Structures are given as structure tokens and as C-alpha cells.
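# Structural overview
For reference, the chains in residue letters:
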Amino acid sequence: MNIAEWLEAAKADAEARGLPELIPMLDGLAQATERLRKADWNDNAEQDPFDSIESEGGLDLSQGKPSQ
Amino acid sequence: MKTITETAPGIASGKIKSEQLTEDCLARIAELNPTLNAFITVTADEALQQARHADQEIAAGRRIGPLHGIPLSLKDLIDQKGVPTTAGSLVRKDHVAGCDAVVTRRLREAGAVFVGKTNLHEFAFGTTSEDSGFGPVRNPHDPSRSPGGSSGGSAVAVATGMSLGTIGTDTGGSIRIPAAACGIVGLKAEWGHISAAGVVPLSRQLDHVGPLAASVADAWLLYNALHKPSEQVGDALDAAPLDGLRFGRFSGYLSDRLDADVEHRVRETIALLQQRGATVVDVALPHAEDMAAIYLHLVFGDAAEYHARTLVSRPQDYTTPVRLRLEMARYVLAEDYIRALRGKALIANEVDRALDGVDALVLPSLAIPAPPLGAATMPVKGGPEAVRSLMLRCTQPFNLSGHPAISLPCGRTPAGLPIGLQLVGHKGRTPALVQAALAAELAIAETS
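As a starting point, this report considers the structure included with it. (Residues numbered from 1 in each chain as written. Chains lettered and ligands numbered in written order. Predicted model: local features only at pLDDT ≥ 70, side-chain atom pairs only at ≥ 80, totals over all residues. Heavy atoms only, no water.)

Residues and elements named next belong to chain B. Enumeration over the complete set of coordinates arrives at four cavities of 30 Å³ or more. Considering the residues around the largest cavity, the lining is formed by Ala124, Phe125, Gly126, Thr127, Thr171, Gly172, Ser174, Leu202, Tyr295, Arg388 and Leu392. A class-by-class count of the residues in the lining of the largest cavity yields five nonpolar, five polar and one charged. Reported here for the second largest cavity is a volume of approximately 50 Å³. Here the lining of the second largest cavity is composed, by residue class, of eight nonpolar, two polar and one charged. (1 Å grid on protein atoms, 1.4 Å probe; cavity = no way out; pocket = protein on both sides within 12 Å on 5 of 7 lines; lining within 4 Å. Points joined across faces, edges and corners; volume = space filled by probe spheres on them. Nonpolar A, V, L, I, M, F, W, Y, C, P; charged D, E, K, R; others polar.)

Structure (C-alpha cells):
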């Protein structure tokens, strides 16, 4: 779904749910989403989202696991 | 401000009684809370009972350690057995914790006295502490201003002597922001190093639990006590020699939209560190300008999931601003959430690279002084900017990356509002970060 289609659907849904105050706020979210989608790390979606980041060895996803 | 480090020896020797210290804190709460609204629940009777018990134990030679008999507070999204955990929301006003959070249990085992639960931005979903189901928290330096947030009540409690230390949480800066705005120290641990069990989440992948305190030494003391005994390093650390420390300083996104007084004072402090022998080099975060979008999509996705049921069943019990932002959060698409996860991993890697060859990164904790309550924008270099964006700008990178970070006071604006300096350390090397912060604190104190 492109951002224009998403924004139109979201605004219609907010209106239908009785939340018209959300409509201008959704414009702000759309801008942030546009920025996110244009980011260069999205250029190669074939790569593993985490291994592609690290030059060596991949990220250790266990690091920082909450302890009890 | 009275520090734990200075008070503890008096308690150990019997010259200071925990009961008197606790009564003093309760008196400060009674005096100031009607104006500042820092506490949601005050547990006076339980605190005095704990304090008397601590005095008896210490007199009998059974002192546990430096937190024994010390009055502390907890941000009211941290469970304390038998006490409500409201998370600053009427959605949870009837909730009573069935058991202690892990951090509460550790402090209790260290002999701490709990004077109450502190006010916060509702569900920690904001940076000003003004949207709380229990009313806004006010800054003790200027009650017309925000104390920062979301751990606003916690910071106010320490800054005013309502408690000698406190525990808060930090998802995008919620320990460091109020610490900077109120002129105290806030330590965001490395992600996952302090248990978040028994803490109401905002975003489990970004939430960090940690102390706010009157000094770096106190922050370390509390941080150390929050660990399992087998993982504790020691109650005190020595300051690192500044001569030999290397700091990384950012240009660009993390320094180009600052209040003029904040920019001036932080530059002066960095120059002071250099004068004392530290080396300062320029470092970069190439994707810094993408951080706000990454952060937004992750927090929104996580918060929408947590609040999905109560947004339907109890919408009227949320404050309107928080409810609307949570409703907006429900529109984040899964594909964008995954893009943000990829960005988060990238930022973590870039922070590691920025730390290559330096001991810590140095930057402001908060781009602006405490904003007026209700302000939508604040003036900064380059023109007015949204308060929310400015509040998070300097802190959220290190929630995305998970690196340990500490805010300490480095001066005041001409109007008397505190300014915070932030140091960010290597993963797995929090003691070294705190030692650098001790050195910076000492240098700042010597020139004040």
C-alpha cells in the first residue's frame, strides 16, 4: 500500500470511528513513514534485516536480553 | 541536595536516624507536593515503619549496606507490593501490585525505605509529564514549566529532597530528559542490564530502567543495587583521570537545533574537559536524521499492541492527548514497523562506530531548557521546532542503540534553568562510563 492510499484509508477510518481529531495527526505520521520508506537501508530488501547491518558476523540478538 | 553517599555513613554510625531522614522527606512532600504534584501515592505509614525497622537493625549491628534506611521513591509504573501502580493513568487507578517488581525487590533487600510512587507522563508516553491522569508535574526551578518526562515526578522528588533517590524508566529519554530539566543525574543503563519485570511497558525493546539521583556517585550506588548480588560491581567507583580520556563530539543533527544557552554551556563544558586533559574528536551518526522516524514507528507499534484492549474498553480514562496518540499508533503498518527494526539495528551499529577509539560520546542531554507547560514549540537555532521533537532529539538514539548513557548537570541558563550534559558509553562498560561522568562532575563542580 502506498502512503497516499494508506493515509486516505486511515483518515476515512478515523472519521468513521468518530475521531476527527486524528486526521491532522495522521498527516504527521505519514510524513514520518515517508521518511522511513525513503531511507537507504530499504534499498535491498533481499538482505536479512539484521545480518545486512553488520559488516562481520551479524548482530547478536541475545545481547541485552532482560534478566530476572 | 542531600546525597545518599554523604548520608549513608551517618546512618551507619547512628548519628543520623532513618526515621528522622524519612520524616524529613515526608515533610518535604507535604510542603511541596500540593504545588509540584510529584507524587501520586505517598506511603508514609509504611515508610516510617520500614525506617524504624532499619534503625533497629543498624543499631543491632545488622546494617546491610549504604542504602539501608535511605528514603527512595519509585516511578509509578514500577510495582511495589500492596501499593497501586497507576502508570499515571486513570485506566489503572484500581490496580494494586500483587508483588514487587524485580528492581523494587532488590532495593528492598538492600534496606531501602519507600516513601511513595511518583507522577509521570501517562503510561510514559510523553516527555513533559503534563498529561497525567493525576494532573501535571511542575518543575521546582519554575513551576510554570515542565520538569521533563516521562519520569518527571521522580526527578522533582530528588531535586527537592522529597526522596534521596528514585528509580525511573527511559524509552526515548525519560530518565535523562527530566534529570537535565531538574538539575540532577540520570543513568540509563545498557538495554536489558536492569530487569524490567514488574514495570508497565511502553516499548519493551526500547524501555530501560535506571536511577535518578543527586550525584553521579549516588546514581552508581543505586544502579549497582539494582543488579543481582552476583552481578554487582561495588558500591563506589573512582573518577577516571580526565587526562587520557577521549570523547567523541557530534556535529550535524545532534548539535544543529539547540537552544543558544544550552549550546553555549555544553560547548564550555566540553572545552573544560579538554583543558583538564581530555581529548575531544569529531564523530558522526550518518543516519541521525532518520532516527525520529525509526523511533516513532517502533514505539507506536509496541504501544498500540499493549493498549489495544483498554483503548476499546476504557477510552474515557486516558488523557485526551495520550489517547489520541495511541489511536494514531494503531495505524502503523507491519511493513513499516519492520523497516524501523532494520533502521534500529543500523543505528546501533553506527553508535558503536562512533565510539570506536573514544571512551564516551559527549552531547547535550536536552536540546532546550525546561519548556513552559503547554508549549507546542520552542525557539532554537534555525527557528521554532516542536517541543516533542526537541525533547527527544539528543536522547532517543541511545534507546534505539541500547548503549548506556548518563545525564549530569553542567550549568544553568541566565534564567536559572538547569542544563544537562550527556555521556554515552560502550556496551558492557558501564562502570567506565560512570567513572568518566564522575570526572566530568568533579571538573564542573570545581569551576562552578
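Here we take up the environment of Val434(B). Residues and elements named next belong to chain B. One can find valine 434 in helix 14 (residues 430-447). The class for valine 434 is buried, based on a relative accessible area of 0%. Taking the C-alpha atoms as reference, valine 434 lies 9.5 Å from proline 404; in sequence the two are 30 residues apart. Dropping the residues within four chain positions of it, valine 434 is found in contact with Leu187, Val216, Trp220 and Leu237. (Helix = DSSP H or I, 4+ residues; strand = E, 2+ residues; numbered from the N terminus. Buried < 20%, exposed > 50% of the residue type's maximum accessible area, 1.4 Å probe, protein only. Contact = heavy atoms within 4.5 Å.)

Quick look at helix 2 (residues 18-36) of chain B now. Residues and elements named next belong to chain B. The sharpest bend along helix 2 reaches about 35° and sits at alanine 30, with the proline proline 34 one to four residues further on. Among the residues of helix 2, Ser18, Leu21, Thr22, Cys25, Leu26, Ile29, Leu32, Asn33 and Leu36 are the ones counted as buried. Check the buried side of helix 2 and you find it contacts helix 1 (4-13), strand 1 (39-42), helix 3 (44-59), strand 2 (71-75), strand 3 (113-118) and helix 5 (152-159). (Bend = angle between axes of the 7 residues up to and from the residue.)

Moving on, we get to the pairing of strand 12 (residues 405-412) of chain B. Residue and element names in this part refer to chain B. Pairing of strand 5 (residues 185-188) with strand 12 involves three bridges; the strand directions are antiparallel. Looking at strand 12, one finds that lysine 188 is bridged to alanine 405. As defined by bridge partners, strand 12 adjoins strand 13 (residues 418-425) across seven bridges and the pair is classed as antiparallel. Bridge pairing in strand 13 places glycine 411 opposite isoleucine 419. Counting the residues between successive antiparallel strands, the hairpin from strand 12 to strand 13 contains five residues, one of them, glycine 416, with a positive phi of roughly 90°. (Pairing = 2+ DSSP bridges.)

Moving on: the interface of chain A and chain B. Listed as interface residues are 36 residues of chain A and, on the opposing side, 37 residues of chain B. Carbon and sulfur atoms supply 60% of the area that chain A and chain B bury against each other, a total of about 3,300 Å² over both sides. If you look at where chain A meets chain B, you find five salt bridges. Between Arg35(A) and Asp290(B) there is a salt bridge, with its nearest N and O atoms 2.9 Å apart. Counting every contact that joins chain A to chain B gives 12 residue pairs in polar contact (both at pLDDT 80 or more). Going through the elements one at a time, helix 1 (3-16) and helix 2 (22-38) of chain A are the ones with two or more residues in the side of chain A that touches chain B. For the side of chain A that touches chain B, the class distribution of residues is 19 nonpolar, nine polar and eight charged. (Buried area = accessible area lost by both parts, 1.4 Å probe. Salt bridge = Lys/Arg side-chain N within 4 Å of Asp/Glu carboxyl O. Polar contact = N/O pair within 3.5 Å; in protein donor to acceptor, adjacent residues only side chain to side chain.)

A word on the pairing of strand 2 of chain B. All names here are of chain B. Buried residues dominate strand 2, accounting for five of its five residues. Burial of strand 2 is two-sided: the residues Pro71, Ser73 and Lys75 facing one way and the residues Leu72 and Leu74 facing the other way are all buried. Pairing geometry for strand 2 and strand 3, over five bridges, is parallel. Following the sheet pairing, lysine 75 is matched in strand 3 by threonine 118. Once the chain exits strand 2 it traverses helix 4 (residues 102-109) before rejoining the sheet at strand 3, and the crossover so formed is right-handed. In the sheet, strand 2 pairs with strand 4 (residues 165-170) via three bridges, with the strands oriented parallel. What sits directly across from serine 73, in strand 4, is threonine 166. (Right-handed = clockwise from strand over helix to strand, strands pointing away.)

Enumeration according to the criterion identifies 31 salt bridges over all chains in this entry. A salt bridge links Asp142(B) to Arg145(B); the shortest N-O distance between them is 3.1 Å. Its salt-bridge partner being Glu263(B), residue Lys381(B) comes within 2.8 Å of it at the nearest N-O pair. Note that Lys381(B) is positioned in the loop between strand 10 (377-380) and strand 11 (383-386) and Glu263(B) in helix 8 (residues 260-275), a separation of 118 residues in sequence. When its relative accessible area of 14% is taken as the criterion, Glu263(B) is described as buried. Beyond isolated ion pairs, a larger network of salt bridges with shared partners links Asp13(A), Arg17(A), Glu327(B) and Arg330(B).

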